[in-house]
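# Notes for the structure review
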Amino acid sequence: MKRHYLSFFLVFVMTGSVVAQPQQWPTFDPEQQTVQADWLRDPVDAPARLFQTREGYLVFTNGLVSRTFTLQPNVASVGLDELTTHTSFLRSVRPEAEVTLDGQRLEVGGLKGQPIHNYLLKEWIPELTSDPAAFQLVRYRIEPVQPRFGWMKKLDWMPKDLPWPTPGKELIFTYRFPDEAVETLARRSRLDDQRPVVYADDFKTLEAGWKVTASQAHARNSFVNEGKVGEIMALENTAVVAERTCPEETRVVMVAVTPGTDHSKSWGPGVGWVFPERIVKVNVRGGDRRIGFFDGQKEQLSVSYGDAQRVWLRMELTKSGQVQASVSTDDQRSWTPVGSCQLSAGERPQRVRIGKMDAEGGQRDFEEKGVAGRSRIESFRLLGDLPAAAAGEAADRWAYLKEVEVEVHYELYDHLPVFCKWITVTNRSDRPVQVDSFKSELLAATEPESAVDLRERWLYPNITLDTDYNFGGMSDEYIYHSSLTWKRDSLYQTQVNFDRTTPCLLEAAPKIGPAQFVAVGETFTSFRVWELLNDSWDRERKSLAYRRMMRAVAPWVTENPILMHVRSSDTESVKKAIDQCAEVGFEMVIMTFWSGFEAEDDSPENLTRMKELADYARSKKIALGGYSLLASRHIDAENDVLLPAGQQARFGSSPCVESAWGQTYMRKLYQLFETTGLNVFEHDGSYPGDVCHSTQHPGHKGLEDSQWNQFRRVADFYHWCRERGIYLNVPDLYFLNGSNKVGMGYREANWSLPRAQQEIIERQNIFDGTWSKTPSMGWMFVPLVEYQGGGKEATIEPLKDHLPHYGQRLANLFGAGVQACYRGPQLFDSPQTRELVKKWVGFYKRHREVLDSDIIHLRRPDGRDYDAILHANPQGKEKGLLMVYNPLDEPIRRKLKVNLYYTGLKDKVMVSEQEGPARCLQLDRDYQAELEVVIPAKSQTWFTLTEDDNPKK
């Protein structure tokens, strides 16, 4: 689809300086731009727009939330705010993304040098610097939001029409890899083995030339401990050093350090260059497991070395007259910069010093000595200049990266406090590029609690997150198994937690891979992460906000057809189900599990019969489809997922979707729906995230790309279904990839309990499930015939003999706006049964818009008193619908105080019980109405809530 560009391009040369800026964005004024109304209740005018601050920062905002970017010397997020409560969610600057290409980890945007990471002050921002080996900004643009995939709407099943794509704007920053970055990367590459060795020592003995000085603070202080040269036994904050002259041809010094049990900080073991007027050193700080760099004037605290048992420290004298320090924790396979300083003209090191120096690289002891500990200098190297040919070869090796383009995309939606973010990598070079891994979001968020001690369960920052790379079940927790992590922040050394383990650094990244080759001229696209900035910790309000977000970014979840599961797929049974559904107002028939429906049967006879049934259903205005199981089944050793030792498939056993069998299975699904016109698919055990390290399957190379490829195969099929209006029941969280409905949340064995118990449990399941789902997002289950045991006490058939129970189940479900899988051969077996079903179907359809709206949770069912839910629809004619249930064997009379805030009603409400005459009630200052209810035994009542007494006019 052709994109229509808004406004202009801001163009940069590769150094990041501005070439052209045809116009300025409006100045951001928080007082003027912040929305004053409550977006969850009132109509708000909050379009996504781009502004700039007086300092020149870009502000992407809709008046509810904002993300602020500095563009110099590279792009970095310097603000993330919920505006209506003046809440800042960002405490520290990080890269905007990270990509590992052909084994090389590269940052995209971002700035360094923030002094502490508890908060970010505006005056610090101009002093921050860009990593010269990072992707640099070249331009940005802003466009309307584009659809992720097509959607054929089913308006008959929706409470109201919703726009697609989600209205809003997309801000795109384009980055390239400049010449300077290639040169820096070449310098940081593992080329030291091509430098001449000036001197090397692995400390088998104490060679001549070393001068050892040990503090006298303790008799055991030494550089040779128990005969082991280089092992330092010393009190924490005391000095034990060995030094020697530094030959003039030296350009690099490296040491391998084992931190051991030495918990010193500034006195930790390391290496230093002694200049005539100062000492420059880099050392490990065992006390906080960080690297320190002293530039001759002040110490810079840098990255954490985590749990590494050996740390390589390196300093290089560059041709530009700098000392650049770096660290490696993976045996010199990669190096991370930790600090640098500029040298004066002609300034050269005279000696090199290793061991436990003081904070300034000298040999003083601190007043507080601390306890004794051991550390070790394992090896030492002085290296000369890199041969010109080697440096050129390294630069040539990485030169193609200059033709790789990374774009970081941010969407902000109108009227919603929600950002969406993802990245693309376009290969404009002359060779394939592999995206080994990526991080599409690195967010150093403000921690919601400061706990000194270890916590079993942390409170995460108040951001509701979702991604379209999610699999493995119906729990929102599974997102942390697939694509998101709240990590401890190694840079955040001034946090309250003693062990510095507060999980306040968000990373959006696949847990494995994706290991995707990007061919010349092609583009790799990451998954997306949605970030909802909450304005409250209130459970109901956070839940409402998430449900509103889902209606906006996945509006097909509002399609809520009334459906039946027919238990037999023979032609006569299916046609009977279709006829009965059409007669009572149901809208869909699914040939259920164990019905005999075979989605994989691609015989001409089966496809012809399915087409005839689909055409018959369509003539009755009924959607028809069937069930298929993908995971939790065994195919054979050749086609099942081949798991690493010690791992088990998510559902016990499962085929690999990218095996020969899996690819054939997916082809048969496409053929089934293309050929027959069936328009419902219940896909059970969808791809659950199992990895596969087979190298023989045609759809993946090995373990690293197996998860990404399998997921994409299934998600692409769901996109295809969504574009063709094929309804998707999927018991996994594929909403953001096109699925319509998931299980509301229940235990299947409970449908074998006695009928009376099922009634209460059903309402509990709905009450609990709708905290994280709209009514239309979850299905329930009604076993019209026996299901998993329980006998006649558990089932409803014969239906005419159990009308009170059948009626209660219909009232539970339609009263909640929740559709169930009515599983059996028929929906009615007598005129009385038919009229009962029609009554509740009619009730639902008359009030569909409000019943499909958000549920406010009033009282959870417990079988001991009334239970109640309130449907709130502030923008509708019917502002609310209150359902109150009486599970007792006697009538009840109760005075209920119902908070109507989220209905949008403010002063008064017109209340009509069971569509009877309306009466006016006043709301108090807390938006509460007092309502007296009288409910017969084992029954329910409902009230419609409007602004006037004629909501249908």
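Residues numbered from 1 in each chain as written. Predicted model: local features only at pLDDT ≥ 70, side-chain atom pairs only at ≥ 80, totals over all residues. Heavy atoms only, no water.

## Notes on the packing of aromatic side chains
Counted by the stated rule, this structure contains 55 aromatic pairs. Centre to centre, the rings of phenylalanine 438 and phenylalanine 527 are 5.5 Å apart; their planes meet at 55°, and the pair counts as tilted. Of the two residues, phenylalanine 438 is situated in strand 30 (residues 433-439) and phenylalanine 527 in the loop between strand 36 (523-525) and strand 37 (529-533); the sequence distance between them amounts to 89 residues. Across the pair, exposure class does not vary: phenylalanine 438 and phenylalanine 527 are buried alike. (Phe/Tyr/Trp six-rings, centres within 6.5 Å; stacked < 30°, edge-to-face > 60°. Helix = DSSP H or I, 4+ residues; strand = E, 2+ residues; numbered from the N terminus. Buried < 20%, exposed > 50% of the residue type's maximum accessible area, 1.4 Å probe, protein only.)

## Let's talk about the sheet that holds strand 51 (residues 918-922)
Pairing is antiparallel across the open sheet formed by six strands, whose spatial order is 46-47-48-53-50-51. Two strands close off the open sheet at either side, each with one partner strand: strand 46 (854-859) and strand 51. Strand-to-strand twist of the sheet, defined as the mean angle between neighbouring strand axes without regard to direction, takes the value 25°. For strand 46 and strand 47 (residues 867-872), the ladder comprises five bridges, and the chain directions are antiparallel. Considered in strand 47, the bridge of histidine 857 is made with isoleucine 869. (Pairing = 2+ DSSP bridges. Axes fitted to C-alpha atoms, helices over the stretch in contact; angles between N-to-C directions.)

## A short note on empty space enclosed by the protein
For the coordinates displayed, the defined rule picks out six cavities of 30 Å³ or more. Looking at the largest cavity, the residues that line it are Arg763, Ile766, Phe767, Asn812, Ala816, Arg859, Pro861, Asp867, Ala868, Ile869 and Tyr885. At the level of secondary structure, the elements contributing two or more residues to the lining of the largest cavity comprise helix 10 (755-769), helix 11 (803-816) and strand 47. The residue inventory of the lining of the largest cavity, partitioned by class, reads seven nonpolar, one polar and three charged. There is about 50 Å³ of room inside the second largest cavity. At the level of secondary structure, the elements contributing two or more residues to the lining of the second largest cavity comprise strand 37 and helix 5 (539-553). Tallied by class, the residues present in the lining of the second largest cavity amount to six nonpolar, two polar and three charged. (1 Å grid on protein atoms, 1.4 Å probe; cavity = no way out; pocket = protein on both sides within 12 Å on 5 of 7 lines; lining within 4 Å. Points joined across faces, edges and corners; volume = space filled by probe spheres on them. Nonpolar A, V, L, I, M, F, W, Y, C, P; charged D, E, K, R; others polar.)

## Focus: the pairing of strand 51
Sheet topology places strand 50 (residues 908-913) next to strand 51; five bridges connect them, and they run antiparallel. The residue bridging lysine 908 from the neighbouring strand is glutamine 922, located in strand 51.

## Details of the pattern of salt bridges
Taken as a whole, this structure holds 68 salt bridges when the rule is applied. Salt-bridge contacts for aspartate 38 lead to arginine 541; the nearest nitrogen and oxygen are separated by 2.8 Å. Taken together, the residues span a long stretch of sequence, with aspartate 38 in the loop between helix 1 (30-33) and strand 3 (49-52) and arginine 541 in helix 5 at a distance of 503 residues. On the basis of relative accessibility, which here comes to 12%, the residue aspartate 38 falls in the buried class. Take arginine 541: its relative accessible area is 11%, and that puts it in the buried class. In this structure, aspartate 385 and arginine 251 form a salt bridge, with 3.7 Å as the shortest nitrogen-oxygen distance. Taken as a pair, aspartate 385 in the loop between strand 27 (372-383) and helix 3 (388-398) and arginine 251 in the loop between strand 17 (240-245) and strand 18 (252-258) lie far apart in primary sequence, 134 residues in all. Several salt bridges share partner residues, and in doing so they unite Arg67, Glu96, Lys421, Glu441 and Glu531 into one network. (Salt bridge = Lys/Arg side-chain N within 4 Å of Asp/Glu carboxyl O.)

## Quick notes on the packing of helix 8 (residues 660-676) against helix 9 (residues 703-723)
With their axes 11 Å apart at the nearest point, helix 8 and helix 9 run at an angle of 5° to one another. As summarised for this structure, helix 8 and helix 9 are arranged roughly parallel, according to the angle between their axes. Contacts between helix 8 and helix 9 involve Gln663, Met666, Leu669, Tyr670, Phe673 and Glu674 from the first element and Arg713, Val714, Asp716, Phe717 and Trp720 from the second. Residues that form the contact of helix 8 with helix 9 fall into these classes: seven nonpolar, one polar and three charged. (Parallel < 35°, antiparallel > 145°, perpendicular 65-115°, else oblique. Contact = heavy atoms within 4.5 Å.)

## Points about the nonpolar core
Among the nonpolar cores identified, the biggest contains 149 residues, and Leu101, Phe135, Phe173, Phe586, Phe814, Tyr822 and Leu827 are the most heavily contacted of them. No other element matches helix 9, which puts eight residues into this core. Apart from the residues lying within four places of it in its own chain, the contact partners of phenylalanine 586 are Ile562, Leu563, Met564, Cys581, Ile622, Phe814, Tyr822, Leu827, Val837 and Val841. Among the nonpolar cores identified, the runner-up in size contains 58 residues, and Leu162, Leu416, Tyr546 and Leu733 belong to it. (Core = buried A, V, L, I, M, F, W, Y, C linked by side-chain atoms within 4.5 Å.)

## Details of the sheet that holds strand 35 (residues 516-518)
The four strands are arranged 10-9-30-35 in an open sheet whose pairing can be described as antiparallel. Single-partner strands in this sheet number two, and they are strand 10 (104-108) and strand 35. Between one strand axis and the next, the sheet turns by 35° as a mean value, whatever way the strands run. As paired elements, strand 9 (residues 97-101) and strand 10 share five bridges and run antiparallel to each other.

## Topic: unusual backbone geometry
In the segment running from glutamine 72 into proline 73, the intervening peptide bond is cis, with an omega of -5°. Examined against the element boundaries, proline 73 turns out to sit in the loop between strand 5 (65-70) and strand 6 (76-82). Going from glycine 513 to proline 514, the amide bond is cis rather than trans, its omega being 20°. With respect to the helices and strands, the residue proline 514 is situated in the loop between strand 34 (503-508) and strand 35. Here arginine 289, not a glycine, exhibits a phi torsion of approximately 55°, which is positive. In this structure, arginine 289 sits in the loop between strand 20 (279-285) and strand 21 (290-294). For tryptophan 594, which is not a glycine, the phi torsion comes out positive at approximately 65°.

## Quick look at a nonpolar patch on the surface
Residues Leu206, Val212 and Val224 make up a contiguous nonpolar surface patch of roughly 200 Å² in combined accessible area. Assignment of secondary structure puts valine 212 in strand 14 (residues 211-214). (Patch = residues over 30% accessible without salt bridge, like charges linked within 9 Å, V, L, I, M, F, W, Y side chains within 5 Å. Areas by Shrake-Rupley, 256 points an atom, 1.4 Å probe, with all protein chains shown as cover.)

## A short note on helix 12 (residues 831-846)
Between its first and last C-alpha atoms helix 12 spans 22 Å; for 16 residues at 1.5 Å apiece the expected length is 22 Å, and the two agree. Taken as a whole, helix 12 has its buried residues at Thr833, Leu836, Val837, Trp840, Val841, Gly842, Phe843 and Tyr844. (Expected span 1.5 Å × (residues − 1).)

## Thoughts on the layout of surface pockets
Here the second largest pocket defines a volume of roughly 1,200 Å³. Around the second largest pocket, the lining is made up of 40 residues, and of these Thr464, Asp476, Glu477, Lys542 and Ser772 lie nearest the centre. Secondary-structure elements contributing two or more residues to the lining of the second largest pocket are strand 32 (463-467), helix 4 (479-482), helix 5 and helix 10.

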